[in-house]
Amino acid sequence: RRKNSNKLEVIDPVMTGFTDVCLVVFMAYGLGTSAATHHLTESSFADEIRSKDMFIKFYAPWCAHCKKLAPTWNSLADELGDLVAMVDCTEQSALRDQFGIRSYPTLIYVEAGGGKMYKYKGERSLSALAVFARTGWKSAPLYDPTAPPPTAAEGQNVLVAIKMAMNAYPKLSTFIALSMVGLLVASILFCLFFCEYDTHAVEDLTKRD
């Protein structure tokens, strides 16, 4: 009996530990996988959009604003299921061009069949996104991906792109800033040197006269 009881005392913790590990793995797989990880591709898009509406995030992995939005987008997907999806524009360039994506992230609600679409321009909170995805898109203006952007917006888009790049690559931003400071200092020293040289040259000519 003591041998059996000893075996039970050894086996029981082992089995308990094994069960706990299995439970953790199961929970990590089941709860950690969000519907927002559902990516649309050029080959799957037409089939998926044929029979259902979709709220799509067009993004680039390097985009700082996209990274900031990611947790909220994951929560939105958990709440709304397969209505929510996203497209990596660095890999799906055809979809990027098809939807006229010029900045990241761009959020577009697409009706089933892909005929009509609506661009989201509101705040990027979970509640605001959920309202738009449920009913808000119905009152939004139609989005035309082929329409050229306003001239005034082009300059703004360039500034936004520069800002996004600076945020995404802080080391590059520091390098550019230091380079600009270095060029400024070099220009000042250059001017001071040649101005002083010209002054001495004028004085020498005056003395000769």
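One can find the structure itself at the top, above this paragraph.
How each quantity is defined
- Residues numbered from 1 in each chain as written.
- Predicted model: local features only at pLDDT ≥ 70, side-chain atom pairs only at ≥ 80, totals over all residues.
- Heavy atoms only, no water.
- Helix = DSSP H or I, 4+ residues; strand = E, 2+ residues; numbered from the N terminus.
- Buried < 20%, exposed > 50% of the residue type's maximum accessible area, 1.4 Å probe, protein only.
- Contact = heavy atoms within 4.5 Å.
- Expected span 1.5 Å × (residues − 1).
- Bend = angle between axes of the 7 residues up to and from the residue.
- Pairing = 2+ DSSP bridges.
- Phe/Tyr/Trp six-rings, centres within 6.5 Å; stacked < 30°, edge-to-face > 60°.
- Lys NZ or Arg CZ within 6 Å of the ring centre and 35° of its normal.
- Core = buried A, V, L, I, M, F, W, Y, C linked by side-chain atoms within 4.5 Å.

**With respect to the overall build of the protein chain**
Looking only at helices and strands, one finds 7 helices and 4 strands in the protein chain. Counting from the amino terminus, the protein chain carries its helices and strands in the arrangement α-α-β-α-β-α-β-β-α-α-α. With 209 residues in all, the protein chain has 28% of them scored as buried. In the protein chain, once contacts between residues fewer than 6 apart in sequence are set aside, the share between residues at least 24 apart is 72%.

**A few points about helix α3 (residues 64-80)**
If you check α3, its first and last C-alpha atoms are 24 Å apart, about what 17 residues at 1.5 Å a residue would give, namely 24 Å. Considering bend angle alone, the principal kink of α3 is centred on A70 and spans about 40 degrees; proline P71 follows within four residues of it. Backbone geometry just downstream of α3 places G81 in the positive-phi region, at approximately 70 degrees.

**Some remarks on the pairing of strand β1 (residues 54-59)**
Along β1, 6 of the 6 residues are buried, which leaves the element largely enclosed by surrounding structure. Covered by surrounding structure in β1 are M54, I56 and F58 together with F55, K57 and Y59, the residues of both alternating faces. Sheet topology note: the β1/strand β3 (residues 106-110) ladder contains 5 bridges and is antiparallel. Bridge pairing links F55 to Y109 in β3. Across 5 bridges, β1 lies against strand β2 (residues 84-88) in parallel orientation.

**Thoughts on the packing of aromatic side chains**
Tallied over the entire structure, the rule returns 11 aromatic pairs. Each ring, one from F55 and one from W73, has its centre 5.1 Å from the other, and the planes form 55 degrees; the classification is tilted. With F55 in strand β1 and W73 in helix α3, the pair connects residues that are 18 residues apart, well separated along the chain. Looking at F55, the relative accessible area reads 0%, which means it is buried. Relative accessible area serves as the criterion here: at 0%, W73 is assigned to the buried category. Every member of this aromatic cluster is reached through a ring pair, and the members are F55, W73, Y109, Y118, Y120, F132 and W137. Here the basic side chain of K57 rests over the ring of Y59, its NZ or CZ set 5.1 Å away from the ring centre.

**Examining the pairing of β3**
Remember that side chains alternate between the two faces of the sheet whenever the strand is regular. Within β3, 5 of the 5 residues are buried, which leaves it mostly tucked inside the rest of the structure. On β3, burial covers both faces: T106, I108 and V110 on one face and L107 and Y109 on the other are all buried. In this structure, β3 lies alongside strand β4 (residues 117-119), joined through 3 bridges in antiparallel fashion. Across the sheet, Y109 pairs through a bridge with Y118, a residue of β4. In textbook terms, the turn of a hairpin is the stretch between consecutive antiparallel strands, and for β3 and β4 this stretch comprises 6 residues, one of which, G113, has a positive phi near 95 degrees.

**Section: the nonpolar core**
The biggest cluster of nonpolar side chains holds 41 residues, and the ones touching the most others in it are F55 and F99. Listed by contribution, the elements that provide at least two residues to this core are α2 (45-49), β1, α3, β2, β3, β4 and α5 (126-134). In terms of residue count, α3 provides more of this core than any other element does, 6 residues in total. For F55, the contacting residues outside a window of four places in its chain are W73, L76, L83, V84, A85, L107, I108, Y109, Y120, L129, F132 and A133.

**Let's talk about the environment of E48**
Here E48 lies in helix α2. Contacts of E48, omitting those with residues within four sequence positions, involve H38, L40 and M54.

In short, geometric facts, not functional conclusions.
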